[in-house]
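A look at the structure
As a plain string of letters, each chain reads:
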Amino acid sequence: EDVEDPHPWRPEYHFSPSEGWMNDPNGLVYHEGIFHLFYQAGADRRRWDHATSTDLINWTEHGTKVPDTESMQAFSGGAVIDTENTAGFGEDALVAMYTGHHDEGFEDQRIAYSTDNGETVHNYAKNPVIESDEDNFRDPKPFWYEPDESWRMVVGRVEGTEDRPAGIEIYSSENLLDWTYESTYVDEGDNGWECPSLFEHPVEGTDETKWIIPISPIELRSVEYHIGDFDGTEFIVEEIIRADYGYDFYATQRWGNAPDDDGLNITWMGNWEYAMDAPDPGWQGAMTIPRTITLRKENGSLEVLQHPAKEITKTRQETLAKLCSERITPGRDPLEGTNVEGRTLEIDATIDPQSAEKVGLRVREGEDQQSVVTYDAGEEELRFNRSNSGEFFEDGFYDETTTSLERRDDGTIKLHVLVDRSSVEIFANDGQKTMTNLIYPDWESTEVSLFSENGSAQLEHLVAYDLCTTDNV
Ligand code: FRU
């Protein structure tokens with residue numbers, strides 16, 4: 001294989017910029033066959049760079065579209081397609097809203113627009129559209145609110161002011177330019193939330209829908225789904241669910257206008273605690289695999305399942321193994337002698353822990369190296385350990401994450417694992433729990449193994465694929 005690869009950690013099938021820094025996804029909108037992905041670029045001063053895709057896997061970069069200015073950075077926000085030309089930029093204009101982060105110490109909400117499906121983007125001459133002299137007021141995400149045939153927008157009031165509590169502010173507008181404050185959604189916590197979206201989603205198997213606000217609480221350094229009801233003015237929460245239990249999952253944003261109503265979204269695989277210090281081989285930052293969601297009610301409570309976007313199946317190259325009814329014991333690994341190894345893998349395993357205390361999967365294994373997915377059957381806990389995934393996370397530095405995971409009715413657990421050159425995403429029990437983590441293993445570490453501790457487990461099924469973005473390999 002191409003050992004001379006210039007960036008051994010550069011994701012193969014996840015989006016990352018070919019050069020420079022990246023954090024939050026911005027302006028996610030689909031229009032005329034194109035998925036737009038703008039993103040926060042520029043490590044010192046932020047701006048919006050742009051990439052597009054027709055299949056959510058292969059991306060083309062188009063450079064900077066919303067630049068910073070001498071005294072202002074272009075912080076995160078969302079975009080819509082103004083089908084009816086409510087703003088007057090033109091029919092089907094792509095209208096992006098972003099935060100002006102001013103060196104003088106305040107943040108306001110601004111517009112940039114495109115009338116050629118994102119190819120050229122212009123700054124609106126009369127910015128800002130929401131004035132403010134306060135700091136910590138950012139990340140506008142507009143959307144069309146069908147019942148009133150008008151626009152709504154959520155913005156994070158990341159710190160409270162004299163007049164306004166910290167929380168998610170909701171605004172309404174007829175034309176995307178003049179905005180009226182409606183309400184603030186607050187919860188019992190500290191409400192220091194970034195990057196909100198708000199959207200309606202069907203509850204599986206019912207006629208019901210719920211409204212969901214994915215938010216990124218600064219303290220949690222992760223994402224939560226706040227699920228409840230929205231009447232056009234106020235959001236009332238019913239349930240709060242943590243979206244992911246890894247360390248590298250922040251600033252989720254949902255795609256507007258996506259072809260299927262499946263909550264398509266993407267998330268920055270990063271963590272502000274250490275992202276700026278992470279290895280920098282000329283580029284820094286990657287996105288998760290685009291994901292869809294299922295919302296369902298289980299025993300009276302709401303649950304969000306996350307799935308890799310179906311397009312991932314197009315990246316499957318070889319089927320490396322298909323196994324069925326195999327024992328996993330402390331001395332026996334059913335993957336031994338198979339072709340399952342590599343740096344870009346999809347592994348889907350159904351395991352019955354039976355008498356084993358622990359059972360799991362090691363990926364990117366090499367000399368003294370491994371990234372370990374463990375199911376602790378006694379504790380009913382899922383863990384990911386990256387203390388031997390390369391230097392960066394050694395010595396107890398953000399090296400292990402854990403979440404509870406119940407066995408399914410038939411006693412098994414399901415682990416759907418996506419491995420790329422510097423990440424491991426785990427979708428457990430059909431996406432009931434997910435864990436997203438970066439790793440920085442050696443290029444040579446490519447082995448994979450199954451293990452059990454203190455007892456034996458049953459591997460019910462396993463399928464493993466080699467993934468690659470290059471067509472016709
Ligand atoms: C979240 C965030 C946003 C802000 C952006 C700046 O990661 O802090 O609140 O708009 O990053 O890059």
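As the structure is a computational prediction, the values presented were derived from the model and not from experiment.

**Observations concerning the sheet that holds strand S24 (residues 316–328)**
- Spatially, S24-S34-S25-S30-S31-S32 is the arrangement adopted by the six strands of the open sheet, whose pairing is antiparallel. One side of each edge strand has no neighbouring strand; the edge strands of this open sheet are S24 and strand S32 (433–438). On average, adjacent strands in this sheet sit at an angle of 10° to one another, irrespective of strand direction.
- Across nine bridges, S24 lies against strand S34 (residues 457–467) in antiparallel orientation. Residue pairing across strands places Arg316 opposite Leu467, the latter belonging to S34.

**Structural notes on the site of the ligand**
- In the vicinity of the ligand there are 13 residues, among which Gln40, Arg46, Phe75, Ser76 and Glu194 approach most closely.
- Broken down by secondary-structure element, the contributors of at least two residues to the shell around the ligand are strand S1 (20–31), strand S10 (137–145) and strand S19 (250–254).
- Along the lines of polarity and charge, the residues of the shell around the ligand split into four nonpolar, four polar and five charged.

**Details of the sheet that holds strand S11 (residues 150–157)**
- Taken together, the four strands give an open sheet; going across it, the order is S10-S11-S12-S13, and neighbouring strands pair in antiparallel fashion. Edge strands, defined here as strands with exactly one partner in the open sheet, are S10 and strand S13 (180–185). The mean inter-strand angle of the sheet, taken between neighbouring strand axes irrespective of direction, is 25°.
- As defined by bridge partners, strand S12 (residues 167–173) adjoins S13 across five bridges and the pair is classed as antiparallel. Its bridge partner lying in S13, Glu169 is registered against Thr184.

**Focus on the nonpolar core**
- Judged by nonpolar contacts, the single largest core of 119 residues is most densely connected at Leu37, Val95, Ala96, Leu415, Val417 and Ile426.
- Residue assignment places this core across two domains, with domain 1 (20–308) and domain 2 (316–467) each supplying three or more.

**Quick word on unusual backbone geometry**
- With omega at 0°, the peptide bond leading from Asn127 into Pro128 counts as cis.
- Within the secondary structure, Pro128 sits in the loop between strand S9 (122–123) and S10.
- One non-glycine residue, Asn136, lies in the positive phi region at around 60°.
- With respect to the secondary-structure elements, Asn136 resides in the loop between S9 and S10.
- On the neighbour-count criterion, Asn136 (19 C-beta atoms within 10 Å) is partly exposed.
- Within the chain, Glu149 stands out as a residue other than glycine whose phi angle is a positive 45°.
- By the secondary structure assignment, Glu149 is in the loop between S10 and S11.

**Focus: the environment of Thr206**
- Its place among the elements puts Thr206 in the loop between strand S15 (199–202) and strand S16 (209–217).
- C-alpha of Thr206 to C-alpha of Gln369: the two residues are 163 residues apart in sequence and 47 Å apart in space.

**Quick look at the environment of Tyr274**
- Here Tyr274 shows up in the loop between strand S20 (265–268) and strand S21 (283–284).
- Along the chain, Tyr274 and Val121 lie 153 residues apart, while their C-alpha atoms are 32 Å from each other.

**Considering the domain arrangement of the protein chain**
- Considered domain by domain, the protein chain is made up of domain 1 (20–308) and domain 2 (316–467).
- Taking only C-alpha atoms into account, the centre of domain 1 sits 32 Å from that of domain 2.
- Facing 18 residues of domain 1, the contacting portion of domain 2 comprises 19 residues.
- Tallied by class, the residues present in the side of domain 1 that touches domain 2 amount to 11 nonpolar, four polar and three charged.

**Digging into the pairing of strand S17 (residues 224–230)**
- A large share of S17 lies buried, amounting to five of its seven residues.
- Pairing geometry for S16 and S17, over five bridges, is antiparallel. Looking across to S17, one finds that Ile213 is bridged to His226.
- What sits between the antiparallel neighbours S16 and S17 is a turn of six residues, in which Arg221 has the positive phi angle 50°.
- One ladder, built from seven bridges, connects S17 with strand S18 (residues 235–242); its direction is antiparallel. For Gly228, the partnering residue across the bridge sits in S18 and is Val237.

**With respect to the environment of Tyr98**
- Mapped onto the elements of the fold, Tyr98 is located in strand S7 (residues 93–102).
- Separated by 47 residues in sequence, Tyr98 and Ala51 place their C-alpha atoms 17 Å apart.
- Setting aside residues up to four positions removed in sequence, Tyr98 forms contacts with Asn26, Trp48, Val66, Ala74, Phe75, Ser76, Gly77, Arg110 and Ala112.

Rules used throughout
- Residues numbered from 1 in each chain as written.
- Predicted model: local features only at pLDDT ≥ 70, side-chain atom pairs only at ≥ 80, totals over all residues.
- Pairing = 2+ DSSP bridges.
- Helix = DSSP H or I, 4+ residues; strand = E, 2+ residues; numbered from the N terminus.
- Axes fitted to C-alpha atoms, helices over the stretch in contact; angles between N-to-C directions.
- Near = placed C-beta within 6 Å.
- Nonpolar A, V, L, I, M, F, W, Y, C, P; charged D, E, K, R; others polar.
- Core = buried A, V, L, I, M, F, W, Y, C linked by C-beta atoms within 7 Å.
- Buried ≥ 20, exposed ≤ 12 C-beta atoms within 10 Å, placed from the backbone.
- Domains from an automatic or database assignment.
- Contact = placed C-beta atoms within 7 Å.

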